[in-house]
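Given next are the chains, with one letter for each unit.
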Amino acid sequence: MGLNSLRKESIHEWNEVLNPSRPQIFVGMSTCGEASGVVAVNKAIQDGLEEHGIDAVVNKTGCLGICYCEPLVDIIKPGKPRISYRSVEKTNVSGLLKDYILDDNPRPDLALGAWGQEFKGIPDLFELDFMKFQVRIALRNAGVINPENFSHYLARGGYQGFEKALDMDPEEIIAEIEKAGLRGRGGAGFPTGMKWKLCRKSRNFPKYLICNADEGDPGAFMDRSLLESDPHSVLEGMLIGAYAIGCSRGFIYIRAEYPLAIKRLKIALEHMKRHHLLGENILGSGFSFDIEIREGAGAFVCGEETALMKSIEGQRGTPYSRPPFPAQAGLWGKPTNINNVETWANVPVILEKGAGWFNRHGTEKSKGTKTFALAGKVNNTGLIEVPMGMTLEKIVYAIGGGVCDGKELKAVQTGGPAGGCLPLAKLGLTVDYESLAEAGSIMGSGGMIVLDEDDSMLETARYFLAFIQEESCGKCVPCRTGTRQMLAILDTFIKGRGKPQDIETLLSLGDSIKKTSLCGLGQAAPNPVLTTINYFRGEYEKGINPKLLRAKAHQ
Amino acid sequence: METFKLKIDDRQINAGGGDTVLQAALKAGIYIPNLCYDPRLAPYGGCRMCIVEIEGTRGFPAACTTRASDGMVVKTYGPQLDRLRLDTLELLLSDHPTDCLTCPGNQRCELQKVASFLGYNQRSLKPRKSDHPIDDSNPFFNLDRNYCVLCARCVRTCDEVTGINAIELINRGDESRVSTFAGSRLAESECRSCGECMVSCPVGAIHAKNSPVATEETATICPYCGVGCGIYLGTRQGKIVSVRGNEASPSNRGSLCVKGRFGINEFVHHSERLKSPRVKKEGGFESAEWEEALRIAGDKLSGYKPEEVAVIASAKATNEDNYVLQKFTRAVLGTNNIDHCARL
Amino acid sequence: MLGSGAMTNSIGDIALAGCYLLIGANTSETHPVIGFDIKQAVKSGSGLVIINPVKIPLVRYADLWLRNKPGTDVALLMGMARSILDEGLADLDFINERCEGFEEFKRALAEFDLKTVEGITGVGAKDISRAASMYARGNPSSILYAMGVTQHSHGTDNVMAIANLALMTGNFGKPGSGVNPLRGQNNVQGACDMGALPDVYTGYQKVCNPDARSKFETAWGVKLPDGPGLTVTEMFKKIDQGLIKALYIVGENPVLSDPDAGHVRQSLEKLELLVVQDIFMTETARLAHVVLPAVSFAEKEGTFTNTERRVQKVRKAVELEHGKALPDWKITGLIAQQMGADGFSYQSSEEIMTEIASLTPSYAGISYKRLEEEGLQWPCPSNEHPGTSILHVERFARGKGRFMPLEYRPAPEAPDSEYPLLLTTGRNIFHYHTGTMTRKSAGLNALSGQELVNISTGDAARLKIKDGDNVYVSSRRGKVAASARITDDVPEGLAFMTFHFAESAANILMSADNLDPIAKIPPLKMASVKIARI
Ligand SMILES: Cc1cc2nc3c(=O)[nH]c(=O)nc-3n(C[C@H](O)[C@H](O)[C@H](O)COP(=O)(O)O)c2cc1C
Ligand code: SF4
Ligand code: SF4
Ligand code: SF4
Ligand code: FES
């Protein structure tokens, strides 16, 4: 019982999309698209097709990550390449349909790019600066396929990795993941293969598997986008992991604020059930596994793995000390393997194409790619996936198209609220787990915010610290009270009433909080303040109460 | 139980299977400051007072959540540990009133103990004023959240010990607080007034309404139900002022219910206690001396045949009382007509 | 049928049960500390089956709650036994090696097919067999029961039905198993152990056994009566008939605690001599001719024996201020001496314990010296013996465990058109027994200050009673006032009240007739009543 015949049909179906006999239209229907008005555009497309009597198929697709060009609409005419149109509006879409489909004018003025070739004055989409330097592994299907169509996923190599895995020993699979050098994309960068191995080793049953889709960092939306654009890549990863580790039950912990992702996951789970990829005796292999969706209330700390497990158990979502690690005693005290959405999405490709293919990308210690939500004062904002080891400079200037309005770059904030701000001088830094940590920031889950000369570093630090302070679960003293105290002191600097000795207070308090907090949230909470003091101390000094400075000078 | 050795502050210590580093240290008489630890509860690791350094382990793990293991080398103090602990204490105290002398937890307070152990002597962070209303709805104890250090010992006790789950922590971060499930006052909640939370509270936040410190304690057995909980009656100037569960008692291991904990002193010291014999005369009861009362009872009882008398014994009296009573019935009254309300 | 009437296991080991069967007990209220243990065990995975017509608080923790019709426990338990047998879950090795009477018992089970049992008990056949299977597969399973089982006109049948279940699943003699009655009062076990019963001396040595009698005769130096004496209920009958003329009551308050209290009061008033010994002027003491003041547990030395057979030391913590009260044993001794008897000039309670140990095989190894260290569980036959935490480990006290074939007998006092509701009684957590001690606490009174008769919503609607209404509860024997609590914790047709409140003494309503034929326990758990707004 394999998927071969189904896959053949699917390839056929997918070819009909790519080389259609009648026009195919793709509308980028994900949360980011919706925010930019794609629902109205979609309606306008339906109206336009009717108005002009055009016979075309309208498909949904996910997100290509080109946020600065949303809403994005693709059109494929028989025998023509797929053309993406940028910033489509409900007012101009009808004209576009008529011009291109009926009158064969591809409207280069509205086009962003043509897929895989230059076409009548429209540049090759993948040669655009924004796309050219990206390597899309986790995002391989995002914005390409219809995420609600199982055939599309299958046709593009879906579940081939899993079928291969079924022919391997679990140990071999884990060895392959280890060889690939895949590390956790949820922030800490723990080697995934090693984690699986630990959990596999445990002789305690049943074992559980979790996909961490809590994604609480302000401004981060990589995981959401991935789940909305290509849910099966994540689910296939989980299936492979469950088989390799020996888990019988899986959970996707996702915040309730992601309704579209939840909806698409549910549809995908239905596909899996229908095609014997879930439940008892999957594909006749004797392996049984089920996946449930658990919606979280959206507390940031519930993304922390121990708090997340408490929350799945129905208790208050607060972290607890490890060890025991989840691999030893996690959910309901049973061995549990937890990985991030993006980590899971990388797994099928590694199996399908081999560790050697995967670990060509990246650096010595950080293999593969990483997605980032590029935001702030940068020309091209969006969701990108780049090989590990690319410099910050290349990301900001080459992909991001530089700072808006020709302003001077001041800093790049990475790692979200737990991360730090890196100054202009650090722009040559390569983006990988080690270098970022060395510079005082972290990779985190993939937030990247570009700050220009007008941005206040104190305000930036405050933004993140205030977020953390709000989100502290309150279990441990240093994080619960320490973040509030740091925030209070930071505010005195912002108001220009800082005490000279309080820069030291911030440093030492920050150091204590990092060292004594129970979980990763508290341990990283002071980072935004500490890195800004480190790299932008002058701004703090400007916040000192001048009267106190004078008094000091008098002494 | 397997035992093993570890080194704490250069001392060789024996520890057993499930011991945490904190338990091993405390057993060996080495004090590590702690606030959220309660031997009856699962490790929590919230107060961060018990951080230590362990050779081969990164950072500063909490002793209460780290299992002791063979050959472990632990350091409980040192310049950096001392500074980190003082910082944490400073943070705690910036959220805590300082009117120790008028606090009901005075002298029993574990926070005071930690502060004096660490030599805390000056406040540098800005304190936060809190003015939570006091929940005094329970007849036996108050909940004063202004003194709360959020160690969750009460909440965990009400879950892990009593299973009543009347209280929980609500809200996040420094807005967290102890609350009943519906947010009502304790008296209107599921609380069964067992007082276990009060016993566990390390500070004055949950405190008995009036409980002068006992000067003496007597180990005895609770007079209520058949569980036979071991208790300590705390006395002061000849009066019972407190009751606490005896942790060493195998029947209750320290736990008590509301009757045992709060329902003893009032009846023992009640003004209506019978203090002298009484004899019914024409106009009602009159106090009498023992001599008279015994004479009436004894002489009259002597006048009946064995089958004309009966005795009802007591399921509340001691074994010795009951033994003597049945011996009296059988040997002196000459009848087996003795029973008690066992069946009720 | 086993040879002893006490908890077979210990409080400490009930936490090890894989499954609890809780019947006729409201443990979280009446034995709160054991309730703590059960809840923690259930949270860490033990099963809990509750058999109770009333929705007790522990139901929240239960895997399965069988809400049987009141008075149908025997049928339900026999049904479970039948299901265990039919499903092949009986422990045949255990039955063969350690029990007798199984064949006869099997025949008795023929009457209890699940359809029939469902009809009698109102519990679905599926639930009965699920409960049976959970219990049989608990490995080990523990049965806990209390007054709800014994205070019935066929309480003894109930207890035997329970023992049958444990026997047929081999749930004896190992930690976490057993048949465990949770005794109500602090020293009810001790009072029984000490022979404060009409038919036995200490340690259940029968008065009709000539060897036992002559042992005590020798020790006490007097001739002793043969033949068992009267039970409390029989005593009251004889008082009515004018045959018993003098009564000596120590530390009990039958006017509030005994059934048909109106009658009890009338009887006591008939006595020529009533001597009452207590710590307070109780309702019963008010009827006495002589009242003797005793000290409380906090003012004396002695021992209590708890529900797990653990003899523990009671120590004096305070003196009774300005009082002349004395320990009960001393007062009784003084009366004996007044009557010219020898052998009552004890100088201390320790001396008494020495005498107890010398005459009681199961207490032989118990001494104050040893009790200083820790409590000891009987049987403790010698000074070297560590005490017994689990009974029947290798053999039953009587040799083989005997199966008892039982039949279902409906409750004698069935509701009728005049008294359409069944009333059952129990305790709440805040008070104890007749409230002599707890009602003296302002705090406990604040938490529970008046009798609340629990009435189901259906009955309340029919009777037009609202929550908080003052009502009269009346039976053929009398009526009491109480406040109504409307709740579906009780099923339709059933009402519940406690017996803690002198002003609403529920026992006025109960019947002293229809005693259980063997244990002579009155059916305090059930009476037919009517309820009406005042
Ligand atoms: C405060 C905090 C929040 C976190 N939030 C997330 C999150 O939203 N998503 C995530 O995958 N990991 C999050 N993590 C990391 C997880 O604890 C865990 O390391 C991760 O899910 C492991 O998966 P990986 O190995 O695939 O990265 C968070 C950690 C902390 C300390
Ligand atoms: S560090 Fe913060 S979020 Fe983590 S446990 Fe402590 S209080 Fe909670
Ligand atoms: S008194 Fe007992 S029931 Fe009430 S909150 Fe405290 S622990 Fe819970
Ligand atoms: S009330 Fe006491 S026990 Fe409860 S959290 Fe506060 S300080 Fe801890
Ligand atoms: S005692 Fe260890 S963290 Fe509180």
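Residues numbered from 1 in each chain as written. Chains lettered and ligands numbered in written order. Predicted model: local features only at pLDDT ≥ 70, side-chain atom pairs only at ≥ 80, totals over all residues. Heavy atoms only, no water.

Colleague: When you look at the overall build of chain B in this model, what are you seeing that I'm missing?
Modeller: The helix and strand inventory of chain B stands at nine helices and 15 strands. Taken over C-alpha atoms, the radius of gyration comes to 27 Å for chain B, far larger than the 20 Å a tight globule of 344 residues would show. Based on the C-alpha atoms only, the size of chain B along its principal axes is roughly 85 × 50 × 35 Å. The proportion of buried residues among the 344 residues of chain B is 59%. Restricting the contact set of chain B to residue pairs at least 6 apart, pairs at least 24 apart contribute 54%. Carbon and sulfur atoms form 49% of the exposed surface of chain B, whose accessible area is close to 13,900 Å². (Helix = DSSP H or I, 4+ residues; strand = E, 2+ residues; numbered from the N terminus. Rg over C-alpha atoms; globule rule 2.2 N^0.38 Å. Buried < 20%, exposed > 50% of the residue type's maximum accessible area, 1.4 Å probe, protein only. Contact = heavy atoms within 4.5 Å. Areas by Shrake-Rupley, 256 points an atom, 1.4 Å probe, with all protein chains shown as cover.)

Colleague: So what exactly am I meant to see when it comes to the overall build of chain C here?
Modeller: The number of helices and strands found in chain C is 20 helices and 19 strands. Here chain C has a C-alpha radius of gyration of 24 Å; the compact-globule value for 534 residues is 24 Å, and the two agree. Its C-alpha atoms give chain C principal-axis dimensions of roughly 65 × 60 × 45 Å. Burial statistics for chain C: of 534 residues in total, 63% are counted as buried. Of all intrachain contacts in chain C linking residues separated by at least 6 positions in sequence, the fraction that spans at least 24 positions is 69%. Counting only carbon and sulfur atoms, one obtains 50% of the accessible surface of chain C, whose full area is about 18,600 Å². The distance from the centre of the 55 positive side-chain charges to the centre of the 61 negative ones in chain C is 3 Å. (Lys, Arg positive; Asp, Glu negative; His and termini not counted. Charge placed at Lys NZ, Arg CZ, Asp CG, Glu CD.)

Colleague: Which parts of the structure should I look at to understand the site of ligand 4?
Modeller: Taken together, 13 residues lie near ligand 4, and Cys 148, Cys 151, Ala 152, Cys 154 and Cys 201 of chain B sit nearest. Among the residues forming the shell around ligand 4, the class breakdown is 12 nonpolar, no polar and one charged. (Near = heavy atom within 4 Å. Nonpolar A, V, L, I, M, F, W, Y, C, P; charged D, E, K, R; others polar.)

Colleague: Whenever I open this one, the side chain of Arg 145 of chain B confuses me. Can you help?
Modeller: Residues and elements named next belong to chain B. Along the polypeptide, Arg 145 turns up in the loop between β5 (141-143) and α4 (153-161). For the buried Arg 145, which has no salt bridge, the nearest side chain bearing the opposite charge is Asp 135, at an N-O separation of 4.9 Å. Discounting chain neighbours no more than four positions away, the residues touching Arg 145 are His 132, Pro 133, Arg 177, Val 178 and Ser 179. (Salt bridge = Lys/Arg side-chain N within 4 Å of Asp/Glu carboxyl O.)

Colleague: How do you make sense of the nonpolar core when you look at a structure like this?
Modeller: Here is a general trend for soluble globular proteins: nonpolar side chains tend to be buried in one another's company. Grouped together as the largest cluster of nonpolar side chains are 174 residues, with contacts concentrated most on Tyr 540 of chain A, Ile 264 of chain B together with Phe 297 of chain C. Other than its neighbours up to four places away in sequence, Ile 264 of chain B contacts Pro 223, Tyr 224, Ile 231, Leu 233, Ile 240, Val 243 and Lys 259 of chain B together with Phe 297 of chain C. Membership of the second largest hydrophobic core comes to 108 residues, among which are Ala 268, Ile 350, Leu 374 and Ala 439 of chain A. (Core = buried A, V, L, I, M, F, W, Y, C linked by side-chain atoms within 4.5 Å.)

Colleague: Looking at this structure, how should I read the side chain of Ser 141 of chain C?
Modeller: Residues and elements named next belong to chain C. If you trace the backbone, Ser 141 turns up in strand β5 (residues 141-145). Reaching out from Ser 141, the side chain makes a polar contact with the backbone oxygen of Tyr 135 at a distance of 2.6 Å. Not counting the four nearest positions on each side in its chain, Ser 141 is found in contact with Cys 19, Met 134, Tyr 135, Asn 171, Gly 176, Ser 177 and Gly 178. (Polar contact = N/O pair within 3.5 Å; in protein donor to acceptor, adjacent residues only side chain to side chain.)

Colleague: Honestly, the site of ligand 1 in this entry has me stumped. Any pointers?
Modeller: Residue and element names in this part refer to chain A. Taken together, 18 residues lie near ligand 1, and Gly 186, Lys 195, Asn 339, Asn 340 and Thr 343 sit nearest. At a separation of 2.8 Å, an oxygen atom of ligand 1 approaches a polar side-chain atom of Lys 195. Contacts to ligand 1 include Glu 215, whose backbone N or O atom sits 2.8 Å from an oxygen atom. Surface burial for ligand 1 is 90%, taken as the share of its 610 Å² of free accessible area covered by protein chains. Put simply, the parts of the chain that give the shell around ligand 1 at least two residues each are β9 (336-340) and α21 (520-524). Tallying contributions element by element places β9 first for the shell around ligand 1, with three residues. When grouped by side-chain class, the residues that make up the shell around ligand 1 number three nonpolar, nine polar and six charged.

Colleague: For this particular structure, what's the right way to read the interface of chain A and chain B?
Modeller: Interfaces are frequently sized by the accessible area removed from exposure as the parts join. In this complex, chain A contributes 28 residues to the contact, which on the side of chain B involves 29 residues. Both faces combined, the contact of chain A with chain B buries some 2,300 Å², and carbon together with sulfur accounts for 50% of it. Counting across the chain A and chain B interface gives four salt bridges. For Asp 174 of chain B, the salt bridge is made with Arg 484 of chain A, and the minimal N-O distance between the two is 2.8 Å. (Buried area = accessible area lost by both parts, 1.4 Å probe.)

Colleague: Looking at this model, I keep getting lost on the interface of chain B and chain C. Mind explaining?
Modeller: With 109 residues of chain B at the contact, the number on the chain C side is 149 residues. For the pair chain B and chain C, the summed buried area comes to about 10,900 Å², and 63% of that belongs to carbon and sulfur atoms. Our count for the chain B to chain C interface comes out at eight salt bridges. Ionic pairing is found between Asp 321 of chain B and Lys 300 of chain C, a salt bridge with its closest N-O pair at 2.6 Å.

Colleague: How should I be thinking about unusual backbone geometry in this particular structure?
Modeller: Omega for the peptide link from Arg 322 of chain A to Pro 323 of chain A comes to -10°, which places this bond in the cis form. Here Pro 323 of chain A shows up in the loop between α13 (305-312) and β9. That bond from Trp 378 of chain C to Pro 379 of chain C is cis: its omega, -5°, falls within 30 degrees of zero. As for its placement among the helices and strands, Pro 379 of chain C is situated in the loop between β12 (376-377) and β13 (401-402). You will see that Asp 405 of chain A, though not glycine, has its phi angle at about 55°, which is positive. Tracing the backbone through its elements, the reader meets Asp 405 of chain A in the loop between α16 (392-399) and β12 (409-414). In this structure Asp 405 of chain A comes out as exposed when scored by relative accessible area, which is 69%.

Functional significance is not addressed by these values, which are geometric in nature.
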